[in-house]
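These are the residues of each chain, in order.
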Amino acid sequence: EALYLANICAKVTMLVRRDEFRASQIMKERVLKNEKINVLFNTETEEIIGDGQVVTAIKVRNNKTNETNEIPITGFFVAIGHKPNTEVFKPYINTDEVGYIKNVPGTSLTNVAGVFVAGDAADTRYRQAITAAGSGCMAALDAEKYLMTLE
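Residues numbered from 1 in each chain as written. Predicted model: local features only at pLDDT ≥ 70, side-chain atom pairs only at ≥ 80, totals over all residues. Heavy atoms only, no water.

1. What to know about the overall build of the chain
Moving on, step 1. Scanning the chain for helices and strands turns up three helices and five strands.
Moving on, step 2. Start at the N end of the chain and walk to the C end: the helices and strands fall as α-β-α-β-β-β-β-α.
Moving on, step 3. Its C-alpha atoms give the chain a radius of gyration of 20 Å, more than 25% over the compact-globule value 15 Å for 151 residues.
Moving on, step 4. Taking the principal axes of the C-alpha coordinates as reference, the chain spans close to 60 × 40 × 30 Å.
Moving on, step 5. Expressed as a percentage of the 151 residues in the chain, the buried residues total 22%.
Moving on, step 6. Relative to all contacts within the chain whose residues are 6 or more apart in sequence, the contacts with residues 24 or more apart total 32%. (Helix = DSSP H or I, 4+ residues; strand = E, 2+ residues; numbered from the N terminus. Rg over C-alpha atoms; globule rule 2.2 N^0.38 Å. Buried < 20%, exposed > 50% of the residue type's maximum accessible area, 1.4 Å probe, protein only. Contact = heavy atoms within 4.5 Å.)

2. Some points on the pattern of salt bridges
Moving on, step 1. The tally for this structure, following the rule as stated, stands at four salt bridges.
Moving on, step 2. Put simply, E20 and R18 hold a salt bridge, and the shortest N to O gap is 2.8 Å.
Moving on, step 3. Between E46 and R61 there is a salt bridge, and its shortest N-O distance comes to 2.9 Å. With E46 in strand β3 (residues 43-50) and R61 in strand β4 (residues 55-62), the pair connects residues that are 15 residues apart, well separated along the chain.
Moving on, step 4. Residue E46 is classed as partly exposed on the basis of its relative accessible area of 41%.
Moving on, step 5. Connected through shared salt-bridge partners, E44, E46 and R61 make up one network. (Salt bridge = Lys/Arg side-chain N within 4 Å of Asp/Glu carboxyl O.)

3. A look at the layout of surface pockets
Moving on, step 1. The computed volume of the second largest pocket comes to approximately 230 Å³.
Moving on, step 2. Around the second largest pocket, the lining residues are N103, G106, T107, S108, V117, A118, G119, A122, D123, T131, S135 and M138.
Moving on, step 3. Looking at side-chain class alone, the lining of the second largest pocket contains four nonpolar, seven polar and one charged residues. (1 Å grid on protein atoms, 1.4 Å probe; cavity = no way out; pocket = protein on both sides within 12 Å on 5 of 7 lines; lining within 4 Å. Points joined across faces, edges and corners; volume = space filled by probe spheres on them. Nonpolar A, V, L, I, M, F, W, Y, C, P; charged D, E, K, R; others polar.)

4. So, the nonpolar core
Moving on, step 1. The biggest cluster of nonpolar side chains holds nine residues, and these are A2, L5, A6, V12, V16, F21, V31, I37 and V39.
Moving on, step 2. It is helix α1 (residues 2-8) that contributes the most residues to this core, three residues altogether.
Moving on, step 3. In this view, A6 contacts V12, N34, K36 and I37; residues no more than four positions away in its chain are not counted. (Core = buried A, V, L, I, M, F, W, Y, C linked by side-chain atoms within 4.5 Å.)

5. Thoughts on unusual backbone geometry
Comment: phi is negative for the bulk of residues other than glycine, and the bulk of peptide bonds are trans.
Moving on, step 1. Look at N42: it is not a glycine, yet its phi comes out positive at around 55 degrees.
Moving on, step 2. Relative to the elements of secondary structure, N42 occurs in the loop between β2 (37-41) and β3.
Moving on, step 3. For N66, which is not a glycine, the phi torsion comes out positive at approximately 65 degrees.
Moving on, step 4. Residue placement: N66 occurs in the loop between β4 and β5 (68-72).

6. Let's talk about the side chain of S135
Moving on, step 1. When you line up the elements, S135 lands in helix α3 (residues 129-149).
Moving on, step 2. Those residues in contact with S135 that sit more than four places away from it in its chain are A118 and G119.

Now the structure itself:
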């Protein structure tokens with residue numbers, strides 16, 4: 001995500017909560033070599049600052065030293081890993097080894113009648129808002145069709 005943003009932004013500050021990346025070696029190298037990307041390791045967001053309409057800064061904390069400081073920004077993007085937050089559903093719905101909910105190919109249907117999946121919970125490849133919106137529409141249509149079969 002930082003590499004993508006570096007293509008369209010003048011500067012990207014990437015916060016990494018640990019002291020190392022968990023990405024592949026090639027991705028680590030690409031990020032660290034990109035002059036537009038400033039990586040802050042052991043750093044977490046404490047507060048997003050703005051006027052309610054526009055963000056203007058973030059307050060960050062170094063989780064090793066507890067030092068805090070403010071960084072001026074004009075946008076804030078969150079991208080935390082590629083493991084979907086689906087643990088709560090695992091006892092009921094089939095998931096793959098990573099945790100993505102399995103669906104009947106080409107639909108939003110799961111192994112449980114009346115339960116549908118959309119977006120990042122099932123999208124192992126694209127994980128983008130626009131595809132999530134499209135699959136959300138599919139799930140709504142599948143749910144409507146399902147509800148029509150009920151008495």
